[in-house]
Amino acid sequence: YQRRVRGVEKMLLPFKEGELERGDVVGKRCLVRESERTKETWEIEVKCGQVYGPGDSFGVLCQNSEQEVWDLIDRLKLREVAHRQYTLTPDPSIKPRLLPKHILLQCSPYYAIKYTLDIRSLPKKALLSYLAECCEDDRDEHCLRYLASKEGSDDLNTMVYSRSLALIELLSLFPSCTPSFCALLQYLPRLTPRYYSVSRISKCGVKFVFNHVTCRAEGELAEVRGVCSSWLRELEVGD
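Bear in mind that the values here come from a model prediction, so they are computed numbers and not experimental data.

Conventions and cut-offs
- Residues numbered from 1 in each chain as written.
- Predicted model: local features only at pLDDT ≥ 70, side-chain atom pairs only at ≥ 80, totals over all residues.
- Heavy atoms only, no water.
- Buried < 20%, exposed > 50% of the residue type's maximum accessible area, 1.4 Å probe, protein only.
- Helix = DSSP H or I, 4+ residues; strand = E, 2+ residues; numbered from the N terminus.
- Contact = heavy atoms within 4.5 Å.
- Core = buried A, V, L, I, M, F, W, Y, C linked by side-chain atoms within 4.5 Å.
- pLDDT = per-residue confidence, 0-100.
- Salt bridge = Lys/Arg side-chain N within 4 Å of Asp/Glu carboxyl O.

> Go over helix α4 (residues 125-133) with me, naming the residues and quoting the values.
Residues spaced three or four apart along an α-helix face the same direction, because each turn holds 3.6 residues. When we look at burial in α4, the residues that qualify are Leu127, Leu128, Tyr130, Leu131 and Ala132. Elements that come into contact with the buried residues of α4 comprise α5 (138-148), α6 (153-161), α7 (167-173) and α8 (181-187).

> Now, about unusual backbone geometry: what can you tell me, with residues and values included?
In this structure, Lys77 takes a positive phi of about 60° despite not being glycine. Assignment of secondary structure puts Lys77 in the loop between α2 (66-75) and β4 (86-87). Here Lys77 falls in the exposed class, since its relative accessible area comes to 71%. The phi angle at Ser164 is positive, at roughly 55°, despite the residue not being glycine. Checked against the element boundaries, Ser164 lands in the loop between α6 and α7. By relative accessible area, Ser164 is classed as partly exposed at 29%.

> Run through the nonpolar core, naming residues and quoting values.
Counting residues in hydrophobic clusters, the biggest one holds 45 residues, and the most contacted among them are Leu72, Ile73, Ile113, Leu131, Leu167, Phe181 and Leu185. Elements with a minimum of two residues in this core: α2, α3 (109-116), α4, α5, α6, α7 and α8. Apart from residues no more than four positions distant in its own chain, Leu167 is found in contact with Leu72, Ile119, Leu127, Leu131, Leu184 and Leu188. Of all hydrophobic cores here, the second largest spans 18 residues; its members include Ile44, Cys48, Tyr196 and Val206.

> Could you give an account of the confidence of the model for the protein chain, with specific residues and numbers?
On average, residues of the protein chain score 84 in pLDDT, and 87% of them reach the 70 mark or higher. No element of the protein chain has a lower mean pLDDT than helix α1 (residues 2-10), which averages 51, and none a higher one than α5, which averages 96.

> Mind laying out the pattern of salt bridges, listing which residues take part and the relevant values?
Enumeration according to the criterion identifies 13 salt bridges in this entry. A salt bridge links Glu68 to Arg120; its shortest N-O distance comes to 2.9 Å. Separated by 52 residues along the polypeptide, Glu68 in helix α2 and Arg120 in the loop between α3 and α4 bring together distant segments of the chain. Here Arg120 falls in the buried class, since its relative accessible area comes to 13%. Between Glu169 and Arg120 there is a salt bridge, with the nearest N and O atoms lying 3.2 Å from each other. Pair noted here: Glu169 is in helix α7 and Arg120 is in the loop between α3 and α4, with a separation of 49 residues, a long-range link. The two residues Glu169 and Arg120 agree in class, both being buried.

Right under this line is the structure:
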């Protein structure tokens, strides 16, 4: 935890006003559960040191799903070195030849993917163009270049954006694509804090409410869930 706090402070968090602190979960309950668990409303009680009032907001430093992190690590063929510390350098073929400020220069691939990259963000056209260059199969390359082009905008919205396909789902559609890990550090956005409002003040700290929504359109590859809400839902009292 302490290493992550030091790392986060180096990442120049946007909108950060107060000090970072650890919050311990001391209470949790489900307020509403709709049919088939597609939408749930949860309340969490957190013990913290700072003083808040009802309506105040605070940021939660979430982390990516463990399963999705390892899926991406395996796709990049980094499992054997996932926890090895590296001095990261930018991919020289990508401009600007600099790593974003939120990337720690010395960390493991697992740490970077788990805590600093938003791997569920919708891929931008610049990333699609880069992925096209990483394809061994001509059909995969042609399709990605088309999606990144002006002419392919409608199909990009239909095939990718409307289905909320993230990087790992996109790579499963183009099996010959083998991107560079360092390049993804430059293309993927940072994993930013998610902000919540204090709903009630308790003796131990504060309570806040969040919604957890699970959706999957007909024929989709996988369920689509929020990064932070899914992580919060898995927390237990004592975490």
